[in-house]
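# Residue-level structure breakdown
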Amino acid sequence: MKIFFVEPAICLSAFAMTLATPLTTQYVYRRIWEETSNYSFVSDSNTSECGKNKSSPIFAFQEEVQKKVSLFNLQMDIIGVSPIFILYELDSPLCWNEVFIGYGSALGSVTFFSSFLGIWLFSYCMEDIHMAFIGISTTMAGMVMTAFAKTTLMMFLVRLPFLFTIVPLSVLRSMVSKVVLSTEQGTLFACIAFLETLGGVAAVSTFNGIYSATVAWYPGFTFLLSAVLLLIPAISLCVVKCINWNEGSYVLLTQEESSEDTSDR
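Residues numbered from 1 in each chain as written. Predicted model: local features only at pLDDT ≥ 70, side-chain atom pairs only at ≥ 80, totals over all residues. Heavy atoms only, no water.

Looking only at helices and strands, the protein features 12 helices and 0 strands. Traced from its N-terminal end to its C-terminal end, the protein shows the element sequence α-α-α-α-α-α-α-α-α-α-α-α. Each of the 265 residues in the protein was classed as buried or not, and the buried ones make up 34%. Partitioning the contacts of the protein with sequence separation of at least 6, the portion at a separation of at least 24 is 72%. Accessible area of the protein: about 15300 Å², with a carbon and sulfur share of 70%. (Helix = DSSP H or I, 4+ residues; strand = E, 2+ residues; numbered from the N terminus. Buried < 20%, exposed > 50% of the residue type's maximum accessible area, 1.4 Å probe, protein only. Contact = heavy atoms within 4.5 Å. Areas by Shrake-Rupley, 256 points an atom, 1.4 Å probe, with all protein chains shown as cover.)

Right, dumping it as structure tokens:
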């Protein structure tokens, strides 16, 4: 029964760590705003519209703050702390302030908890590979919606398709673990952790560079590219499904392992 407490513990731990992201973002935005000029920061503002009068000193100051926060977030992105989403939200036409960025980051943190609930519920009515398809397809839809989001309401609604973003990561680990011997589980998960870390660092560096190069003519290009790249794992899962992946195929490995243990004795 102890194994059933492992995944919830990992999920809650990851969720708790992400709670620091919206707090850090709000703190950085406020500090840069207050230290750049003498303009007071209105924390209870309920608007996210950019200034229309470009000759206004407030407009020029707002642009300067956005650039500085974007640069700071790029430096944080190198260690994987802050997502490109914040850079996108700081840019026109959203021009989110500290409050909206905090709300958006907090909603994004719910992904860990909703993904855990999704796995728990879907496991009663579908196979692992189908859960992975749901997670990948909804994430693709979220990326496309983000690329075309131009209003605050739309940007908040973008979080809905991302509710199951973590599902494929957990489900694919489960699928792979079922086709290796128990003596190889440690090596398997060590390789997975290494590849995830390497892929994450490479992705952060690559997408930040792409975003910097394309933000001038189309800020949403990075998200469209992400949606296209997600076709690769989706096609791979289709191939796996076509070759008749059987979730009970690990039984054969279990039997072989048992026979090996018997022969050793």
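Following the structure, the description resumes.
What follows is about the confidence of the model for the protein. The pLDDT averaged across the protein works out to 76; a share of 67% of its residues lies at or above 70. Highest mean pLDDT in the protein belongs to helix α6 (residues 128-147) (94); lowest belongs to helix α12 (residues 250-264) (50). (pLDDT = per-residue confidence, 0-100.)

Attention shifts here to the packing of α6 against helix α10 (residues 221-229). Contact pair α6 / α10: the axes reach a minimum separation of 8 Å and the direction vectors enclose 160 degrees. By the angle between their directions, the pair α6 and α10 is classed as roughly antiparallel. Considering the relative orientation of α6 and α10, their crossing is left-handed. Contact residues: α6 offers M140, M143, V144, T146 and A147, while α10 offers F223, L224, S226 and A227. Counted by class, the contact of α6 with α10 contains 7 nonpolar, 2 polar and no charged residues. (Axes fitted to C-alpha atoms, helices over the stretch in contact; angles between N-to-C directions. Parallel < 35°, antiparallel > 145°, perpendicular 65-115°, else oblique. Left-handed = near helix turned anticlockwise from the far one by under 90°. Nonpolar A, V, L, I, M, F, W, Y, C, P; charged D, E, K, R; others polar.)

Throughout the structure, instances matching the rule amount to 4 salt bridges. In this structure, the salt-bridge partner of K241 is E127, at a minimum N-O distance of 3.1 Å. Note that K241 is positioned in helix α11 (residues 231-242) and E127 in the loop between α5 (98-122) and α6, a separation of 114 residues in sequence. (Salt bridge = Lys/Arg side-chain N within 4 Å of Asp/Glu carboxyl O.)

Turning to the packing of aromatic side chains, a few remarks are in order. Tallied over the entire structure, the rule returns 11 aromatic pairs. Centroid distance F100 to F156: 6.1 Å. Interplanar angle 35 degrees. Geometry classified as tilted. Here F100, found in helix α5, pairs with F156, found in helix α7 (residues 152-157); they are 56 residues apart in sequence, far enough to count as distant. On the accessibility criterion, F156 (22% relative accessible area) is partly exposed. Taken together, the ring pairs in this structure connect F85, Y88, F162 and F223 into an aromatic cluster. (Phe/Tyr/Trp six-rings, centres within 6.5 Å; stacked < 30°, edge-to-face > 60°.)

Attention now moves to a nonpolar patch on the surface. Taken together, the side chains of V110, F113, L117, W120, L121 and Y124 make up a nonpolar region of the molecular surface, amounting to roughly 610 Å² of accessible area. Examined against the element boundaries, Y124 turns out to sit in the loop between α5 and α6. For Y124, a relative accessible area of 64% gives the class exposed. (Patch = residues over 30% accessible without salt bridge, like charges linked within 9 Å, V, L, I, M, F, W, Y side chains within 5 Å.)

With a phi angle near 50 degrees, C95 is a residue other than glycine that sits in the positive phi range. Residue placement: C95 occurs in the loop between α4 (84-90) and α5. Given a relative accessible area of 3%, C95 falls into the buried group.

Put simply, helix α9 (residues 185-214) and α10 touch, their axes get as near as 9 Å, and they point 135 degrees apart. Viewed along their axes, α9 and α10 adopt a mutual orientation that is oblique. The residues of α10 that touch α9, namely those facing F207, I210, Y211 and T214, are F221, T222, L225, S226 and L229. For the contact of α9 with α10, the residue count by class is 6 nonpolar, 3 polar and no charged.

Turning next to the nonpolar core. By size, the foremost hydrophobic cluster in this structure holds 27 residues, and its most contacted members are M155 and F223. For this core, the secondary-structure elements that each account for two or more residues are α2 (20-36), α3 (57-77), α4, α5, α6, α9 and α10. Element by element, the count of residues in this core is highest for α4, at 6 residues. Those residues in contact with F223, other than ones at most four positions away along the chain, are I84, F85, Y88, M143, T146 and A147. Core analysis: the second largest hydrophobic core is formed by 11 residues, F122, I129, I136 and V167 among them. (Core = buried A, V, L, I, M, F, W, Y, C linked by side-chain atoms within 4.5 Å.)

With that settled, the discussion passes to α9. A turn of α-helix holds 3.6 residues, and therefore any two residues three or four places apart point the same way. Between the first and last C-alpha of α9 there are 42 Å, a value that for 30 residues agrees with the 44 Å anticipated at 1.5 Å per step. Where α9 is concerned, the buried positions are L188, I192, F207, N208, Y211 and T214. (Expected span 1.5 Å × (residues − 1).)

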